[in-house]
Amino acid sequence: MQNANISSYRQLSQKARISELQLMRLQRGLASKMRLDVLLKISQALGITLTELLTNFAPELIKKSPENSTSAVEQKYNNLQKELEQQKKLLMQEFQHSSLQILESWLQQWPTVVEKAKQNPSLGAVKILPLLRPVEKLMERWNVESIANVGAEVPFDPQLHQLMEGSVQKGEMVKVRYTGYKQGDKLLFRAKVSPKI
């Protein structure tokens, strides 16, 4: 503890993010009955390897094990931590995607409502616009952006646009009636467009 500049068991438990009870178990020679992740946290907080920790508190485990088994366990633990982080990212992406599917009709309709309210400020709808700012912030945080603003005139791209009526060729100008959305490089919904009149 002195080498790691830790002055008390409380400070060690806070640095290792474990309870003081776990440290008491280690002191009483119960290292062999402790969870591996707790032992690793203690060794990391002290700035020593798991092997060094076990040599001091559970030498019987070291004698029974081959020389490299502890470092192999540490490596496996680190690999599991990385896998867990990757799974968290995937779960978050799946959560966001399913939430966006639920919000699809709102995402497509809302920009049109906003545009109509801006064009006619006497409508009472203008007063509700600030209420939906949290949803807009959520979309920003999830890196969701619109393909084009409602009313924008853009070249038709069948990858990004869904024609609501009539027919146009790729590259011809169309008017956006309902915006579409992307999340990063991933297309969520195509913008609904109509031929420019």
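Data block above holds the structure.
1. Describing the overall build of the protein
Per the secondary structure count, the protein includes eight helices and seven strands. Relative to a compact globule of 197 residues, whose C-alpha radius of gyration would be 16 Å, the protein shows 29 Å and is clearly more extended. The principal-axis extent of the C-alpha atoms belonging to the protein is close to 85 × 40 × 25 Å. Across the 197 residues in the protein, those meeting the buried criterion constitute 29%. Put simply, of all contacts in the protein between residues at least 6 apart along the chain, 51% involve residues at least 24 apart. When the accessible surface of the protein is split by element, carbon and sulfur atoms take 51% of a total near 13,400 Å². Charged side chains of the protein number 28 positive and 19 negative; the gap between the two group centres comes to 6 Å.

2. Looking at unusual backbone geometry
Despite not being glycine, Asn 5 has its phi angle at roughly 55 degrees, a positive value. Examined against the element boundaries, Asn 5 turns out to sit in the segment before α1 (9-16). Although it is not a glycine, Asn 143 adopts a positive phi angle of roughly 65 degrees. Secondary-structure assignment places Asn 143 in the loop between α8 (133-141) and β1 (144-146).

3. Overview of the side chain of Ser 99
Residue position: Ser 99 is located in helix α6 (residues 69-102). A polar atom in the side chain of Ser 99 sits 2.9 Å from the backbone oxygen of Phe 95.

4. Thoughts on the layout of surface pockets
Roughly 380 Å³ of internal volume is contained in the largest pocket. The wall of the largest pocket is formed by 19 residues, among which Pro 111, Glu 136, Ser 146, Asn 149 and Tyr 181 lie closest to the centre. Elements supplying a minimum of two residues to the lining of the largest pocket: α7 (104-119), α8 and β1. At seven residues, the largest contribution of residues to the lining of the largest pocket is made by α7. Considered as a void within the structure, the second largest pocket measures approximately 320 Å³ in volume.

5. A short note on the sheet that holds strand β3 (residues 161-163)
Overall, mixed pairing links the four strands, which are arranged β2-β4-β7-β3 in an open sheet. Two strands in the sheet have a free side with no partner beyond their single neighbour: β2 (153-155) and β3. Neighbour to neighbour, the strand axes of the sheet diverge by 50 degrees on average, direction disregarded. Bridging between β3 and strand β7 (residues 191-195) involves three bridges; their strand directions are parallel. The residue of β7 that forms the bridge with Leu 163 is Val 193.

6. What about the pairing of β7?
Bridge count for strand β4 (residues 173-178) against β7 is four bridges, and the pairing is antiparallel. If you follow Val 174 over to β7, its bridge partner there is Pro 195.

7. As for the pairing of β4
Alignment of β2 against β4, held across three bridges, turns out to be antiparallel. Counted as the bridge partner of Glu 153 is Lys 175 from β4.

8. What about the packing of aromatic side chains?
Applying the stated criterion across every chain, the model contains one aromatic pair. Ring geometry for Phe 95 versus Trp 142: centroids 5.8 Å apart, planes at 80 degrees, classification edge-to-face. With a gap of 47 residues between them, Phe 95 in helix α6 and Trp 142 in the loop between α8 and β1 connect regions that are remote in the sequence. The exposure class assigned to Trp 142 is buried, which follows from its relative accessible area of 11%.

9. Topic: the packing of α1 against helix α2 (residues 20-27)
Interhelical geometry of α1 versus α2 gives an angle of 110 degrees and a closest axis separation of 9 Å. Looking at the two axes, α1 sits roughly perpendicular to α2. The two elements α1 and α2 cross, and the hand of that crossing is right-handed. In contact with Tyr 9, Arg 10, Leu 12 and Ser 13 of α1, α2 contributes Glu 20, Leu 23 and Gln 27. The residue makeup of the contact of α1 with α2, split by class, is three nonpolar, two polar and two charged.

Criteria and thresholds
Residues numbered from 1 in each chain as written. Predicted model: local features only at pLDDT ≥ 70, side-chain atom pairs only at ≥ 80, totals over all residues. Heavy atoms only, no water. Helix = DSSP H or I, 4+ residues; strand = E, 2+ residues; numbered from the N terminus. Rg over C-alpha atoms; globule rule 2.2 N^0.38 Å. Buried < 20%, exposed > 50% of the residue type's maximum accessible area, 1.4 Å probe, protein only. Contact = heavy atoms within 4.5 Å. Areas by Shrake-Rupley, 256 points an atom, 1.4 Å probe, with all protein chains shown as cover. Lys, Arg positive; Asp, Glu negative; His and termini not counted. Charge placed at Lys NZ, Arg CZ, Asp CG, Glu CD. Polar contact = N/O pair within 3.5 Å; in protein donor to acceptor, adjacent residues only side chain to side chain. 1 Å grid on protein atoms, 1.4 Å probe; cavity = no way out; pocket = protein on both sides within 12 Å on 5 of 7 lines; lining within 4 Å. Points joined across faces, edges and corners; volume = space filled by probe spheres on them. Pairing = 2+ DSSP bridges. Axes fitted to C-alpha atoms, helices over the stretch in contact; angles between N-to-C directions. Phe/Tyr/Trp six-rings, centres within 6.5 Å; stacked < 30°, edge-to-face > 60°. Parallel < 35°, antiparallel > 145°, perpendicular 65-115°, else oblique. Left-handed = near helix turned anticlockwise from the far one by under 90°. Nonpolar A, V, L, I, M, F, W, Y, C, P; charged D, E, K, R; others polar.

Note that all results are geometric; they support no functional claim without further evidence.
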